[in-house]
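# Residue-level structural notes
So you can see what is in the structure, the chains are spelled out below.
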Amino acid sequence: MKKLFLTHNAAFCLFLFFASFYFLTNAGGYKEGDESVMSALARQIAYHGKIGFEKTQYPPEEDPCTKGTDGLYHPKWGLGQSLVQVPFYFAHRLLWTIIPYDREDPRDSTASRFSEMLLVFSCPSGISALGCLLLFFLGLRLGFSRRASLLLTFVYALGTMVWPYSKSLMSEATLNTAILGGVYGVISYRFDHKRKWLLLSSACMGFALITKVVSFGLLVPLLAYLFFSPNRRKRVGTILVCFVLPYALFAAFQLWYNMLRYGDLFTFGYDRQWDALGFSTPFYVGLWGLFLSPGKSFFLYTPAAILGLVCLRPFLKEKKAECLLFLGVAGFFTIPHSLWVQWAGDWAWGPRFLVPVVPYFILPIGYCFKNWYGLTRPQRGFAVALVAVSLFVQILGVAIHPFSFIEIRWDIVSRFLKESPKYSYADTYGENAFVNFSPMFSHIVGNWWLFKHMILDYDLRKDAPWKTLGDFEVDSPKWVKGNRTIPFWWPISFSMASPRVEKWVIGLALANAMTVLLVGLRLRRELSPSGSGIEGDEKEGTE
């Protein structure tokens, strides 16, 4: 059998390259909201061994935490995202027990705080890099050459929302990689029928479940793909034992966690505040918003996905089962989010709820690369243009703090909205109508405005997106000083926050940049036709 996998060296280089690159471009600080609470819970587990808080810091009407049966306060979100951060907090705790550390010395406490932040930021970087590695392997499984698979990986890594969310501590990066691992596992099992792939898929999908319970619906397309495969009757028992049973253990853990938090097996915490409205958005409104609205369209934030749609026809023709699996995963994940009261996933960059469907729009592009020299010049130009625009959109998302435009936008929009009862559908729809169905308030437009002020120094209000509506007195956006936008980048933010750490922060950034360069060169050698990473440029596929 022809070899499918890279050598360990080449695989390690691919992972290390993207992990280093994502870490180099990572965030300049924690963002308020969901991710700060999930990170605080991870710290609580690592430092105190408790999966809840002794007390809550939020007012009752805004509190995401509920007092559980154990007397601790537990947040509503799944435990998965906090669990992946625990090793990084624990590593920092261990590190600072070895290093001489004086808590009373401001220099030591500052260094400890920033080093902890950097270690935790490396968590989504590593998880997103793991997703890049899985996508590369999946490209090989689908029968694409290593070159086409590598091109797919770079489009996925740098030309989609995966890059901006590699610097977020919310659950999207984790959920995306977990689901991608589950899909890779079932496709690999159908290829060589080894039980380890079912166990891998089950573990990944189980972790996706305890990260975000809505992923439970993805069992339908995955099990359909497994049970409708050739010789399925001979393998029903294997699927039940190696996939369904391990997944049931994760489900049991989630039910136990529900009981611990709420005293009820089937209460998931989404029954208060906005969440009490549940799936109240008309399906066509949410679907239109997620794919066609100027403020949240998936295709505006990931233009390369349009190329994936164009390539669906050859994908369906050559790999019908896998194409239907991808459509099923994307559909079963999109439908509930289209109905959800807060379908936009605000406040955040783009349609964050759709980050986990990105791979299934990008992988079909392999057929474009596969037949590249058979395309006409205009067709190749169209493909290159879409990828280039996708890259530019991601740079806007990575360079600017996501709340910079959102907060100042809300200050303007709130003046036009009539008062509606808080936590009512009218309230959330009014905001969506302004910010997500109006190009003037698009996050892309807003970040382009702030990006220009990162490069040039001129009056911030002169080209504000809403200037045709009037001249408004508003506070300066977050991470904007005077008329200049501060890059949302840790080497700059850490140095500005504390000059005492500037030397080692800049040194670490330069070392990180050098790692990206050297590993990139090594990766080029490993994946070249004459490299040692893969024997030849053959293709592998599913049966």
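One structure accompanies this document, and this report is about it.

The rules behind these values
Each chain carries its own residue numbering, running from 1 in the direction its sequence is written. Residue-level local features of this predicted model are given only where pLDDT is at least 70; pairs of side-chain atoms are given and counted only at 80 or more, and the full residue set underlies all totals for whole chains, interfaces and linings. Processing note: side-chain calculations cover all non-hydrogen atoms of the structure and skip hydrogens and water entirely. Counting from the N terminus, the helices are DSSP H or I runs at least four residues long and the strands are E runs at least two residues long. Taken over C-alpha atoms, the radius of gyration is set against a globule rule of 2.2 Å times the number of residues to the power 0.38. Only protein chains enter the calculation, and the probe is 1.4 Å; a residue is then buried if its accessible area is under 20% of its type maximum, exposed if over 50%, and partly exposed in between. Method for areas: the Shrake-Rupley scheme with a 1.4 Å probe, in which residue coverage is limited to the protein chains shown. Only four residue types enter the charge count: Lys and Arg as positive, Asp and Glu as negative, with His and the chain ends excluded. In this description, the location of a charge corresponds to atom NZ of lysine, CZ of arginine, CG of aspartate or CD of glutamate. Method remark: on a 1 Å grid restricted to protein atoms, a set of points is classed as a cavity if a 1.4 Å probe fits but cannot get out and as a pocket if it is open with protein on both sides within 12 Å along at least five of seven lines; lining residues have an atom within 4 Å of a point. Grid points are joined across faces, edges and corners, and a volume is the space filled by probe spheres set on the points. Should any heavy atoms of two residues lie within 4.5 Å, those residues are considered in contact. Working convention: axes come from line fits to C-alpha atoms, limited for helices to the stretch in contact. Angles between N-to-C directions cover 0 to 180 degrees. Orientation categories follow fixed angle ranges, with anything under 35 degrees roughly parallel, anything over 145 roughly antiparallel, 65 to 115 roughly perpendicular, and all other angles oblique. Basically, the charged four are Asp, Glu, Lys and Arg, the nonpolar ten are Ala, Val, Leu, Ile, Met, Phe, Trp, Tyr, Cys and Pro, and anything else, Gly included, counts as polar. Buried Ala, Val, Leu, Ile, Met, Phe, Trp, Tyr and Cys residues that are joined via side-chain atoms within 4.5 Å together make up what is termed a nonpolar core. Any carboxyl oxygen of Asp or Glu that lies within 4 Å of a side-chain nitrogen of Lys or Arg is treated as forming a salt bridge with it. Expected span, for any helix, means 1.5 Å times one less than how many residues it has. Ring geometry is summarised as follows: Phe, Tyr and Trp rings, the Trp one being its six-membered ring, pair when their centres sit within 6.5 Å, and such pairs are stacked at plane angles under 30 degrees, edge-to-face over 60 and tilted between the two. Both a distance and an angle decide whether a charge sits over a ring: NZ of Lys or CZ of Arg must be within 6 Å of the ring centre and within 35 degrees of the ring normal. We call a pair of cysteine sulfur atoms a disulfide whenever their separation is within 2.5 Å.

Further remarks concern the overall build of the chain. Along the backbone of the chain there are 23 helices and four strands. What you see for the chain is a C-alpha radius of gyration of 24 Å, in line with the 24 Å of a compact globule of 543 residues. For the chain, buried positions account for 55% of its 543 residues. Taken as a whole, the chain presents about 23800 Å² of accessible surface, with 65% of it coming from carbon and sulfur. On the chain, the mean spot of the 53 positive side-chain charges and the mean spot of the 39 negative ones are 11 Å from each other.

So, about empty space enclosed by the protein. Across all of its chains, the model carries one cavity of 30 Å³ or more by this definition. Reported here for the largest cavity is a volume of approximately 40 Å³. As for the largest cavity, its lining consists of Ser128, Gly131, Tyr156, Val162, Tyr165, Ser166, Ala173, Asn176 and Thr177. Among the secondary structure elements, those contributing two or more residues to the lining of the largest cavity are helix 4 (106-141), helix 6 (162-165) and helix 7 (172-192). Sorting elements by how many residues they give to the lining of the largest cavity places helix 7 first, with three residues.

Structurally, Leu325 is set in helix 15 (residues 320-339). Taking the C-alpha atoms as reference points, Leu325 and Asp192, separated by 133 residues in sequence, lie 18 Å from one another. If near-sequence neighbours (up to four positions away) are discounted, Leu325 is found in contact with Val183, Val186, Ile187, Pro221, Leu222 and Tyr225.

Residue Trp347 is bonded to the preceding Asp346 through a cis peptide linkage, with omega at 0 degrees. In the Ramachandran plot, His193 falls in the positive-phi region, its phi being about 60 degrees despite a non-glycine side chain.

On to the packing of helix 18 (residues 377-399) against helix 21 (residues 443-455). The N-to-C vectors of helix 18 and helix 21 enclose an angle of 70 degrees; their axes lie 9 Å apart at closest approach. As summarised for this structure, helix 18 and helix 21 are arranged roughly perpendicular, according to the angle between their axes. From helix 18, Phe392, Val393, Ile395, Leu396, Gly397 and Ala399 reach across to helix 21, where they touch Ile444, Asn447, Trp448, Phe451 and Met454. Looking at the contact of helix 18 with helix 21 residue by residue, the class counts come to nine nonpolar, two polar and no charged.

What follows covers the nonpolar core. Of all hydrophobic cores here, the largest spans 114 residues; its most connected members are Ile179, Val183, Phe298, Leu325, Phe326 and Trp466. In contact with Phe298, not counting residues within four places along its chain, are Met161, Leu290, Phe291, Ala305, Pro351, Leu354, Val357, Val358 and Phe361. Counting residues in hydrophobic clusters, the runner-up holds 28 residues, among them Phe23, Ala46, Tyr89 and Tyr257.

Once their charged atoms are close, side chains differing in charge can pair, the charge on each being opposite to the other. Taken as a whole and assessed by the stated rule, the structure comprises eight salt bridges. Of the charged contacts in the structure, one is a salt bridge between Glu116 and Arg43, with a shortest N-O distance of 3.0 Å. Of this pair, Glu116 sits in helix 4 while Arg43 sits in helix 2 (residues 34-48), and the two are 73 residues apart along the sequence. Owing to a relative accessible area of 34%, Arg43 belongs among the partly exposed residues under this scheme. Each of Asp34, Glu172 and Arg352 takes part in one network of salt bridges that share partners.

A separate point is the environment of Pro246. Summarising the element assignment, Pro246 is placed in helix 10 (residues 232-262). With 250 residues separating them along the chain, Pro246 and Met496 place their C-alpha atoms 48 Å apart. Beyond its immediate sequence surroundings of up to four residues, Pro246 is in contact with Leu199, Ser202 and Val241.

On to the packing of helix 3 (residues 80-98) against helix 8 (residues 195-211). The N-to-C vectors of helix 3 and helix 8 enclose an angle of 110 degrees; their axes lie 6 Å apart at closest approach. By the angle between their axes, helix 3 is roughly perpendicular relative to helix 8. Counting all contacts with helix 3, which are made through Gly80, Gln81, Leu83 and Val84, the residues of helix 8 involved are Phe207, Ile210 and Thr211. Residue composition of the contact of helix 3 with helix 8, grouped by class: four nonpolar, three polar and no charged.

What follows concerns the side chain of Glu35. As for its placement among the helices and strands, Glu35 is situated in helix 2. Judged by relative accessible area, Glu35 falls into the buried class, the value being 2%. Look past the residues within four positions of Glu35 in its chain and what remains in contact with it is Tyr30, Ser168, Leu169 and Met170.

This part covers helix 18. Along its 23 residues, helix 18 runs 33 Å from first to last C-alpha, staying within 8% of the 33 Å computed at 1.5 Å per residue. Along helix 18, the residues that are buried comprise Ala383, Leu386, Ser390, Val393, Gln394, Leu396, Gly397, Val398 and Ala399. On the buried face of helix 18, the contacting elements are helix 5 (146-158), helix 6, helix 12 (298-301), helix 13 (304-310), helix 17 (366-370) and helix 21.

Structurally, Ala157 is set in helix 5. The spacing of Ala157 and Leu292 is 135 residues in sequence and 23 Å in space, taken between C-alpha atoms. In this structure Ala157 touches Phe18, Tyr22, Cys132 and Trp163, once residues within four positions along its chain are discounted.

Attention now goes to helix 2. An ideal rise of 1.5 Å per residue puts 21 Å on 15 residues; helix 2 measures up with 21 Å between its terminal C-alpha atoms. Looking one or two residues beyond helix 2, the residue adopting positive phi is Gly49, at roughly 70 degrees.

Inspection of the entire model under this criterion finds 34 aromatic pairs. When the ring of Phe18 is compared with that of Tyr22, the centres are 6.3 Å apart and the planes differ by 35 degrees; the resulting orientation is tilted. Placement of the pair is Phe18 and Tyr22 together in helix 1 (residues 8-24), with a separation of four residues, close to one helical turn. With relative accessibility at 0%, the residue Tyr22 sits in the buried group. Note that Arg43 overlies the ring of Tyr47, its terminal NZ or CZ placed 4.2 Å from the centroid. A cation over an aromatic ring shows up here: Arg190 above the ring of Tyr225, its NZ or CZ 4.6 Å from the ring centre.

Working definition: the covalent bond between the sulfur atoms of two cysteines is a disulfide. Overall, the coordinates contain zero disulfides when judged by the stated rule. Of all cysteine sulfurs in the structure, the one in Cys132 sits closest to Cys123, which takes part in no disulfide; the separation is 15 Å. By relative accessible area, which is 2% here, Cys123 ends up buried. Of all cysteine sulfurs, the one in Cys368 lies closest to Cys311, which takes part in no disulfide; the gap is 5.0 Å. Since its relative accessible area comes to 7%, Cys311 is described here as buried.

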